[in-house]
Amino acid sequence: MNYEEEFTTAVEAVRSASSVCRSVQSGLDPASLEKEDRSPVTVADFGSQAVVCRALLERFPSDPVIAEEDSQMLQAPEHHELLEKVVAEVGRVAPKADRDAVCRWIDRGNASAYSDRFWTLDPIDGTKGFLRGDHYAVALALLVDGEIRVAALACPNLSFAARGNGPRGVVFAAHRGEGAYRIPLSGEPVRERIGVSHVARGAEARFCESVESAHSSHDDAADVAARLGIKKAPYRIDSQAKYGVVARGDADIYLRLTTHTGYVEKIWDHAAGTLVIEEAGGRVTDLRGRTLDYTQGVLLARNAGIVATNGHLHEDVLQALDAVLAS
């Protein structure tokens, strides 16, 4: 099946959502609510989800969406002002937006169970980076029969060109079997192929890891790096933008090593980035080398951690991880 319409829709949706996020980040004092997991959430989370889910509803009204937010909090009387801000921001790209429509669009993302075809969305991945005025991502992926078919990963504050060159704003997009691309966040959505690095020796490699050490164990990653002979300083960046910088060769390895016993990864944190790296020629597995299983609803319940590489280094990284985790 050709998923070109889905690919085009996904790219358009995350570009529009990024416009909302940029507006909020540049003009809004980041007063925030708190989620149940105590991570901060802003107007941009809700606005981004509304914009993306609106696009999916218009083009693919039967498709479920597993996303991060719901409108229940916004509809509470004490958050009336917050809802009005969300409606105003969404109205920048959807002129007919009103409170009921925005809440309805947000709640299109309330699916939680696996189905043969569904989308998964993280409206803002890297919330702390967003609030710092730094990197974040809007991450959208389509899954069919448990396989990621289309991905669009917008990184509004990441340079379009590799190694920090050029204007800011890039969408990493992938179409299963058709390759991975970079697309400008603004202007004409021209596709340019991207590919992972050809680095095959640990001594020449570079890690990519989270800015926040609470998200992944920097100590274990440093031990893996030492075993591989890696000397370069890690590329530290928030959000699924890490997948993008590996896919285009700025870095060669990304590890997600949980710091919390029993923590299970969410699908929206990895689906879009996974396909981008795979279609760029790289490889993504869990810590034991197992393919990520997207058939368990919201959670990657059959996997533990993430190993994303340029492919050439993957087996060496897995062996080093085994040694570190066994010690």
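Since we're looking at a predicted model, the values are computed, not measured.

Participant: Please provide a residue-by-residue account of the overall build of the chain, values included.
Facilitator: Looking only at helices and strands, the chain has nine helices and 14 strands in total. Counting only C-alpha atoms and orienting by the principal axes, one finds that the chain spans roughly 55 × 40 × 40 Å. The 327 residues of the chain split such that 58% are buried. Restricting to contacts in the chain with at least 6 residues of sequence separation, those with at least 24 account for 69%. Roughly 13600 Å² of accessible area belongs to the chain as shown, and the carbon and sulfur atoms make up 46% of that amount. Treating the 36 positive side-chain charges of the chain as one cloud and the 48 negative ones as another, the clouds have centres 4 Å apart.

Participant: Go over the pairing of strand β8 (residues 179-184), please, and point to the residues and values.
Facilitator: With six of its six residues buried, β8 lies for the most part within the structure. Of the two faces of β8, the one lined by Gly-179, Tyr-181 and Ile-183 and the one lined by Ala-180, Arg-182 and Pro-184 are each fully buried. Of the pairings in the sheet, the one linking strand β7 (residues 168-175) to β8 comprises six bridges and is antiparallel in character. Opposite Val-170, over in β8, you have Pro-184 as the bridge partner. The sheet contact formed by β8 and strand β9 (residues 192-193) spans two bridges and is antiparallel. Considered in β9, the bridge of Tyr-181 is made with Arg-193.

Participant: So what about the sheet that holds strand β10 (residues 207-209)? Which residues, and what values?
Facilitator: Within a sheet, neighbouring strands are paired by backbone hydrogen bonds and run either parallel or antiparallel to one another. Overall, mixed pairing links the five strands, which are arranged β11-β10-β12-β14-β13 in an open sheet. The open sheet is flanked by β11 (235-236) and β13 (283-285), the only strands paired with a single partner. Where β13 lies against strand β14 (residues 306-309), three bridges are found, and the strand directions are antiparallel. Residue pairing in the sheet places Arg-283 in a bridge with Thr-309 of β14. Seen against the sheet, helix α6 (residues 218-228) touches β10, β11 and β12 (253-256) and runs at an angle of roughly 175° to β10. With respect to the sheet, helix α8 (residues 271-279) is in contact with β13 and β14, its orientation differing from that of β13 by roughly 140°.

Participant: If you had to explain the packing of helix α1 (residues 4-27) against helix α2 (residues 43-59) to someone new, which residues and values would you point to?
Facilitator: When two helices pack together, their arrangement is given by the angle between the helix axes and the distance between those axes. One can describe the packing of α1 onto α2 by two numbers: an axis separation of 9 Å at closest approach and a directional angle of 155°. Our classification of the angle between α1 and α2 gives roughly antiparallel. By crossing handedness, the relation of α1 to α2 is classed as right-handed. Along its contact with α1, which presents Glu-5, Thr-9, Glu-12, Ala-13, Ser-16, Ala-17, Val-20, Cys-21 and Val-24, the element α2 presents Val-43, Ala-44, Gly-47, Ser-48, Val-51, Val-52, Ala-55, Leu-56 and Arg-59. The residue makeup of the contact of α1 with α2, split by class, is eleven nonpolar, four polar and three charged.

Participant: Give a detailed account of the sheet that holds β8, specifying residues and quantitative values.
Facilitator: The strand order across the open sheet formed by seven strands is β3-β4-β5-β6-β7-β8-β9, and the pairing between neighbours is mixed. Strands at the two margins of the open sheet, each flanked by one partner only, are β3 (65-67) and β9. Bridge count for β3 against strand β4 (residues 117-125) is three bridges, and the pairing is parallel. Looking at β4, one finds that Val-65 is bridged to Trp-119. Its contacts with the sheet place α1 against β4, β5 (137-144), β6 (147-159), β7 and β8, and it is angled at close to 30° to β6. Against the sheet, α8 contacts β4, β5, β6, β7 and β8, and its axis sits at roughly 95° relative to β6.

Participant: A description of α6 should follow, citing residues and the corresponding values.
Facilitator: Where α6 is concerned, the buried positions are His-218, Ala-221, Val-224, Ala-225 and Leu-228. Angularly, the buried residues of α6 cover 120° about the axis, an arc narrow enough to put them on a single face. Exposed positions of α6 whose direction lies more than 90 degrees from the buried face are Asp-219, Ala-226 and Arg-227. Of the residues one or two after α6, Gly-229 is the one with positive phi, at around 80°.

Participant: Mind laying out the packing of aromatic side chains, listing which residues take part and the relevant values?
Facilitator: Here the structure, examined in full by the defined rule, presents five aromatic pairs. Judged by centre distance (4.9 Å) and plane angle (85°), the rings of Phe-130 and Tyr-136 are edge-to-face. Here Phe-130 matches Tyr-136 in class, with each residue buried. The aromatic ring of Trp-105 is capped on one face by Arg-54, whose charged end is 5.5 Å from the ring centroid.

Participant: Talk me through unusual backbone geometry; I want residue IDs and the actual numbers.
Facilitator: Backbone geometry places Asp-145, a non-glycine residue, at a positive phi of 55°. Residue Asp-145 is classed as exposed on the basis of its relative accessible area of 57%. The backbone of Ser-239 shows a phi angle near 75°, a positive value even though the residue is not glycine. Take Ser-239: it is sitting in the loop between β11 and α7 (241-247).

The rules behind each value
- Residues numbered from 1 in each chain as written.
- Predicted model: local features only at pLDDT ≥ 70, side-chain atom pairs only at ≥ 80, totals over all residues.
- Heavy atoms only, no water.
- Helix = DSSP H or I, 4+ residues; strand = E, 2+ residues; numbered from the N terminus.
- Buried < 20%, exposed > 50% of the residue type's maximum accessible area, 1.4 Å probe, protein only.
- Contact = heavy atoms within 4.5 Å.
- Areas by Shrake-Rupley, 256 points an atom, 1.4 Å probe, with all protein chains shown as cover.
- Lys, Arg positive; Asp, Glu negative; His and termini not counted.
- Charge placed at Lys NZ, Arg CZ, Asp CG, Glu CD.
- Pairing = 2+ DSSP bridges.
- Axes fitted to C-alpha atoms, helices over the stretch in contact; angles between N-to-C directions.
- Parallel < 35°, antiparallel > 145°, perpendicular 65-115°, else oblique.
- Left-handed = near helix turned anticlockwise from the far one by under 90°.
- Nonpolar A, V, L, I, M, F, W, Y, C, P; charged D, E, K, R; others polar.
- Arc of directions from axis to C-beta.
- Phe/Tyr/Trp six-rings, centres within 6.5 Å; stacked < 30°, edge-to-face > 60°.
- Lys NZ or Arg CZ within 6 Å of the ring centre and 35° of its normal.

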